[in-house]
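Examination of the molecular architecture
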Amino acid sequence: MAGYRVISIIQSLFILICGISVFDAFNDIIGMNNAFFSSGSDWWNVFAFWAYCFVVVGLLQLVKGIIVEEKG
């Protein structure tokens with residue numbers, strides 16, 4: 001099922017980006033968080049970004065659960 005594969009790839013990318021951001025938040029090696037979140041806004045910060053990533057992954061997981069048909 002091509003849709004399932006595409007959704008899984010998108011989920012993997014969001015999880016990977018979120019993981020890199022978490023790693024960078026504690027070590028500041030890559031500088032990704034400094035580049036994206038240097039404005040200091042309460043509405044857009046590293047924690048909000050992680051939450052958005054989790055929401056996207058959760059919604060895509062729900063879509064996968066709806067589109068998959070059981071065999072039997």
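Summarised in this report is the structure supplied together with it. These figures come from a predicted structure and were not determined experimentally.

**Details of the overall build of the protein chain**
- Broken down by element type, the protein chain carries 3 helices and 0 strands.
- Moving toward the C terminus, one meets the helices and strands of the protein chain in the order α-α-α.
- Relative to its length of 72 residues, the protein chain is extended, with a C-alpha radius of gyration of 15 Å against a globular reference of 11 Å.
- In terms of its C-alpha atoms, the protein chain occupies a principal-axis envelope of roughly 50 × 25 × 15 Å.

**Structural notes on helix H1 (residues 2-27)**
- The end-to-end C-alpha distance of H1 is 38 Å, a good match for the 38 Å that 26 residues give at a rise of 1.5 Å each.
- Looking only at H1, the buried set comprises Ile7, Ser8, Gln11, Cys18, Ser21 and Asp24.
- Elements that come into contact with the buried residues of H1 comprise helix H2 (32-36) and helix H3 (46-67).
- A positive backbone phi angle near 50° is found at Asp28, which sits one or two residues after H1.

**Side note on a nonpolar patch on the surface**
- Together, Tyr4, Val55, Leu59, Leu62, Val63, Ile66, Ile67 and Val68 line one region of the surface with nonpolar side chains, adding up to about 710 Å² of accessible area.
- Here Leu59 is to be found in helix H3.
- Using a relative accessible area of 51% as the deciding quantity, one classes Leu59 as exposed.

Reading the values: the criteria
Residues numbered from 1 in each chain as written. Predicted model: local features only at pLDDT ≥ 70, side-chain atom pairs only at ≥ 80, totals over all residues. Heavy atoms only, no water. Helix = DSSP H or I, 4+ residues; strand = E, 2+ residues; numbered from the N terminus. Rg over C-alpha atoms; globule rule 2.2 N^0.38 Å. Expected span 1.5 Å × (residues − 1). Buried < 20%, exposed > 50% of the residue type's maximum accessible area, 1.4 Å probe, protein only. Contact = heavy atoms within 4.5 Å. Patch = residues over 30% accessible without salt bridge, like charges linked within 9 Å, V, L, I, M, F, W, Y side chains within 5 Å. Areas by Shrake-Rupley, 256 points an atom, 1.4 Å probe, with all protein chains shown as cover. Salt bridge = Lys/Arg side-chain N within 4 Å of Asp/Glu carboxyl O.

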